[in-house]
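Okay, here's what each chain looks like letter by letter:
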Amino acid sequence: MLDIRIEKTTAPKELPKADNPLKFGTIFTDHMFIMNYKTGKGWHDARIVPYQPISLEPSAMVFHYGQAMFEGLKAYKAENGRVLLFRPDKNIERANKTNQRLCIPEIPAEDFLQALKTVVKTEEAWIPHKPGTSLYIRPFAIATDPFLGVRPADTYMFIIILSPVGAYYPEGLNPVKIWIEDEYVRAVRGGIGEAKTGGNYAASLKSQVKAHDEGYSQVLWLDGVERKYIEEVGAMNIFFKINGTVVTPKLNGSILPGVTRDTVIQLCKAWDLPVQERRISIEEIYEAHKNGTLEEVFGTGTAAVISPVGQLRWEQHIMKIKDGGIGEFSQKFYDTITGIQLGKLEDKFNWAVEVR
Ligand SMILES: *Cc1c(COP(=O)(O)O)cnc(C)c1O
């Protein structure tokens, strides 16, 4: 058990008004969780303090060599007043896999969960109520030694900040247009593609800007070696329904292992819907689209849960999916997952975890 000291703010902010659209990642709650690490001492000084700037030396290692882990999950206000997290154990496990890959000390799983629950409880009043809204939780760890040499740091901070967020699709699911990138790559096997770390996003910005300029909202990455096999979308994993079978790229070391991805795969199995994790070439998708067997395409991630894809662009080919509409299964996955997250549907898998 962590001994978490709680220092409450003396200047609480006004809670967002009910009509505030809560644009993703723009509003932060009154408090945050912090703990420190030092080699020899371990993680220590767990505390919840007023949300405020942190002070680091300009030489802090994270600024120069990017030794940083982040996570993303959500807390929901369930109908009967319960506060629920969705599969937080999966985020904690993934955070520690990222930590291992980046030589950041692991955070004991039970301490991590206690920190999540305690900070969410402290900020319970900030969890929005409207359908589709939630409290986004951003845990992250950074290397803080004031040192310009390249080696794993000896000091770290682990921080959790919270942000009330609006419905990703306020008017219901809305298909996105996706640009298939064939010039730049995001990650290669053996690299850090399967770690949740900022560097992967820095590497993605150039393509994202290009895609936006062309009128596409996100980028779909191909593998870093042959630029032939499908990997994932900017911040989402990708699924295709081809001739009755749901397929998604196999975790190969360069794809981020999404919690929502795993959730969809488990639902397919529970529904006896054939599902395959395997290599998928872009030619296969193009052929399936041409011969009419590409039934649905959707992305999965915590922010949007399910993001139907209405259009794919690969080289000069524009593939319209479902005439730009929403697939039956995309909608069914969305309704089921959000239903469990909000405590409205039976939770056979014990995915919802009560904060109190
Ligand atoms: C976080 C993330 C995802 C989605 O993971 P979820 O656990 O489902 O939110 C997919 N791809 C990348 C690159 C990510 O960073």
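Residues numbered from 1 in each chain as written. Predicted model: local features only at pLDDT ≥ 70, side-chain atom pairs only at ≥ 80, totals over all residues. Heavy atoms only, no water.

This part takes up the overall build of the chain. From N to C terminus, the chain includes 8 helices and 18 strands. By the compact-globule yardstick of 21 Å for 356 residues, the chain fits well, its C-alpha radius of gyration being 21 Å. Each of the three principal axes of the chain carries a C-alpha extent, and together these read 60 × 50 × 35 Å. When contacts within the chain are restricted to residue pairs at least 6 apart in sequence, those whose partners lie at least 24 apart make up 71%. (Helix = DSSP H or I, 4+ residues; strand = E, 2+ residues; numbered from the N terminus. Rg over C-alpha atoms; globule rule 2.2 N^0.38 Å. Contact = heavy atoms within 4.5 Å.)

Right, let's get into helix α8 (residues 328-341). At 3.6 residues per turn, the α-helix brings residues three or four places apart onto the same side. Given a rise of 1.5 Å per residue, 14 residues ought to cover 20 Å, and the 20 Å separating the end C-alpha atoms of α8 matches this to within 8%. Of the positions making up α8, those classed as buried are Phe 329, Ser 330, Phe 333, Thr 336, Ile 337, Thr 338, Gly 339, Ile 340 and Gln 341. One or two residues past the end of α8 sits Gly 343, with phi positive at roughly 70°. (Expected span 1.5 Å × (residues − 1). Buried < 20%, exposed > 50% of the residue type's maximum accessible area, 1.4 Å probe, protein only.)

Now for the packing of helix α6 (residues 259-270) against α8. Between α6 and α8, the shortest axis-to-axis distance is 11 Å and the interhelical angle comes to 110°. By the angle class used here, α6 and α8 are roughly perpendicular. Contacts between α6 and α8 involve Thr 260, Thr 263, Val 264, Leu 267 and Cys 268 on the former and, on the latter, Phe 333, Thr 336 and Ile 337. Taken together, the residues that form the contact of α6 with α8 break down as 5 nonpolar, 3 polar and no charged. (Axes fitted to C-alpha atoms, helices over the stretch in contact; angles between N-to-C directions. Parallel < 35°, antiparallel > 145°, perpendicular 65-115°, else oblique. Nonpolar A, V, L, I, M, F, W, Y, C, P; charged D, E, K, R; others polar.)

So, on to the pairing of strand β14 (residues 275-278). With 4 bridges joining them, strand β13 (residues 245-249) and β14 adopt parallel strand pairing. Bridging across to β14, Val 246 finds its partner in Val 275. Handedness of the β-α-β unit built from β13, α6 and β14 comes out right-handed. (Pairing = 2+ DSSP bridges. Right-handed = clockwise from strand over helix to strand, strands pointing away.)

This part takes up the site of the ligand. Near the ligand you find 15 residues, and of these Lys 196, Tyr 201, Glu 232, Thr 260 and Thr 302 are the closest. Taking Tyr 201, its side chain carries an N or O atom lying 2.6 Å from an oxygen atom of the ligand. Residue Thr 302 places a side-chain N or O atom 2.6 Å away from an oxygen atom belonging to the ligand. Burial of the ligand by the protein amounts to 96% of the accessible area it has alone, namely 380 Å². Looking at the shell around the ligand residue by residue, the classes come out as 5 nonpolar, 6 polar and 4 charged. (Near = heavy atom within 4 Å. Polar contact = N/O pair within 3.5 Å; in protein donor to acceptor, adjacent residues only side chain to side chain. Areas by Shrake-Rupley, 256 points an atom, 1.4 Å probe, with all protein chains shown as cover.)

Evaluated as defined, the whole model comprises 16 salt bridges. Two residues, Arg 5 and Asp 45, come together in a salt bridge whose shortest N-O distance is 3.9 Å. Highlighted residues: Arg 5 in strand β1 (residues 5-6) and Asp 45 in strand β3 (residues 42-50), separated in sequence by 40 residues. For Arg 5, a relative accessible area of 41% corresponds to the partly exposed category. For Asp 45, a relative accessible area of 40% corresponds to the partly exposed category. When the shortest N-O distance is used, the salt bridge between Lys 241 and Glu 295 registers 3.0 Å. Of this pair, Lys 241 sits in strand β12 (residues 237-242) while Glu 295 sits in strand β15 (residues 294-301), and the two are 54 residues apart along the sequence. (Salt bridge = Lys/Arg side-chain N within 4 Å of Asp/Glu carboxyl O.)

So, about the packing of aromatic side chains. One pass over the structure, following the stated rule, counts 16 aromatic pairs. Pairing Tyr 37 with Trp 43 gives two aromatic rings, centres 5.2 Å apart and planes at 65°, and the pair type is edge-to-face. Like Tyr 37, the residue Trp 43 is buried in the burial classification. Relative to Trp 314, the ring of Tyr 286 has its centre 5.6 Å away and its plane inclined at 65°; by these criteria the two rings are edge-to-face. (Phe/Tyr/Trp six-rings, centres within 6.5 Å; stacked < 30°, edge-to-face > 60°.)

Once that is clear, we can look at unusual backbone geometry. For Leu 22, which is not glycine, the phi dihedral falls at a positive 50°. Non-glycine residue Arg 87 carries a positive phi angle of around 50°. Relative to the assigned elements, Arg 87 resides in the loop between β6 (83-86) and α2 (88-101).

Turning our eyes to something else, we now look at the domain arrangement of the chain. Taken as a whole, the chain is organised into domain 1 (5-165) and domain 2 (176-340). Averaged C-alpha coordinates put domain 1 and domain 2 at centres separated by 27 Å. Of the residues lining the interface, 19 residues belong to domain 1; the matching set on domain 2 comes to 19 residues. Interface of domain 1 and domain 2: buried area, both sides summed, is about 1500 Å²; carbon and sulfur atoms make up 60% of it. Looking at the side of domain 1 facing domain 2, the largest losses of area belong to Phe 70, Phe 86 and Arg 94, adding up to 39% of the total buried there. Along the contact surface separating domain 1 from domain 2 lie 1 salt bridge. (Domains from an automatic or database assignment. Buried area = accessible area lost by both parts, 1.4 Å probe.)

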